[in-house]
Amino acid sequence: MSKRLLTHFFLPFFLALVSSAHGSTAALAVYPVPSAVAGFCQELEKKFADYNWGKPRCEHFQWLTVRKSAKGTPLVWTTFGEEKSAGAANTTLVLCGVHGDEITPVKFCWDLMNELRANHEFKDKMVVVAPVVTPDSFIIPKPTRTNGAGVDVNRNFPTLDWKGEAHKKWVKDYRKDKRKFPGPTPASEQETIFQMNLIKRYKPNKVISVHAPLTLLDYDGPSLKAEAGKSAKELLEQMSQKSSGYKVSNYPIFPGSLGNWAGKENHIPTYTLELPNSDPKETQRFWDLFKDSVIFAITHKMKPTVH
Ligand SMILES: [Zn+2]
């Protein structure tokens, strides 16, 4: 669509005047919700109402979707800032709702999206947010860790050790715990391919994946001891400091995990923020605790890493 058409036709329709928290009046755009996403947004509305989270207001964000889950639910993301102007300079990918029974991260992404929409300029950075990576595990009455096919999406990335280790570990260490099934083959799941494609498309300089309830901040990526990991280390320390000294822990990586695939194998600094619990009533406290940390993270410019 040409810029002129956008300005002359769409903007007058979709501009809304909204008062910001500071009392000033700012024009915040609203957008038509794509038909492929509308049904999913209705499901989300129900969930948000159940959890007393207000409304998701899908029309406040520009949704993109390419693929669907095996059950036909759209896998969606939204972006802030322009791909071409930000380029590879400072792009952050934020992933929430990878495990649907971890309720609080979904709202955390929503709080972040609302903050980015209202209060930030994006001249030199881009943020890509996929707030419900595994929707079929979240929008059901009793959310599950695994996706609609019973696969733990965070054990399904095609890491080098997947074929040799994923099933072996599942049988030996997890005693075939259904919650941690790594899938029939590496990258067998749409939700895994979805995350891989976001990384291939946007080439983020860092990834933040939000989970619960391990109460820690974990890092995978270029060695923090080497020069290559210097700015990644600074960010890890700052993220902890800005959230009241939140515990930094070097949690082990697993065959098929995002940290293993994106961080270790593809050298993208990958931060896993494990919120303290999955209680939907706690989301405001978690946003208050981690807001400065995550805003700092998206603003922090990574120095190019040398592989
Ligand atoms: Zn998780």
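Here is a short report on the structure shown in this document. Just so it is clear, the structure is predicted and the values come from calculations on it, not from any experiment.

### Re helix H5 (residues 162–172)
What H5 keeps buried is the set Trp-162, Ala-166 and Trp-170. Each buried residue of H5 lies within a common arc of 25 degrees when the element is viewed along its axis, so the set occupies one face. Set apart from the buried face of H5 by more than 90 degrees, the exposed residues are Lys-168 and Lys-172.

### Considering the state of the cysteines
Under the criterion given, the structure shown has two disulfides. Here Cys-41 is linked by a disulfide to Cys-58, with a sulfur-sulfur distance of 2.1 Å. Across the S-S bond linking Cys-41 and Cys-58, the dihedral sits near -95 degrees, which makes this disulfide left-handed. With a gap of 17 residues between them, Cys-41 in helix H2 (residues 35–50) and Cys-58 in the loop between H2 and strand E3 (63–68) connect regions that are remote in the sequence. Here Cys-41 falls in the buried class, since its relative accessible area comes to 8%. Judged by relative accessible area, Cys-58 falls into the buried class, the value being 5%. Shown here is the disulfide that connects Cys-96 with Cys-109, its sulfur atoms set 2.2 Å apart. With the S-S dihedral at roughly 80 degrees, the linkage between Cys-96 and Cys-109 falls on the right-handed side.

### Some points on unusual backbone geometry
Cis geometry marks the peptide bond from Ala-212 to Pro-213; its omega dihedral reads 10 degrees. Note that Pro-213 resides in the loop between strand E7 (206–211) and strand E8 (216–220). Unlike most non-glycine residues, Arg-57 shows phi in positive territory, near 50 degrees. The residue Arg-57 is located in the loop between H2 and E3 in this model. Even without being a glycine, Ala-187 presents a positive backbone phi close to 55 degrees. Here Ala-187 shows up in the loop between H5 and helix H6 (190–202).

### Overview of the coordination of the zinc ion
Here the zinc ion is held by the protein donor atoms His-99 (ND1), Glu-102 (OE), Glu-102 (OE) and His-211 (ND1), which lie 2.0 to 2.3 Å from it. One can describe the donor arrangement at the zinc ion as irregular, given that its four donor atoms subtend angles of 57 to 147 degrees at the metal. Every donor residue of the zinc ion comes from the same chain, spaced as H-x2-E-x108-H. One end of the pair, Glu-102, is in the loop between strand E5 (91–95) and helix H4 (104–119); the other, His-211, is in strand E7, and 109 residues separate them in sequence. Look at His-211 and you get buried, because its relative accessible area is 4%.

What counts as what
- Residues numbered from 1 in each chain as written.
- Predicted model: local features only at pLDDT ≥ 70, side-chain atom pairs only at ≥ 80, totals over all residues.
- Heavy atoms only, no water.
- Buried < 20%, exposed > 50% of the residue type's maximum accessible area, 1.4 Å probe, protein only.
- Helix = DSSP H or I, 4+ residues; strand = E, 2+ residues; numbered from the N terminus.
- Arc of directions from axis to C-beta.
- Disulfide = S-S within 2.5 Å.
- Donors = N, O, S within 2.8 Å, 3.2 Å for Na, K, Ca; no water.
- Tetrahedral: all angles 85-135°; square planar, octahedral: opposite > 155°, others 65-115°.

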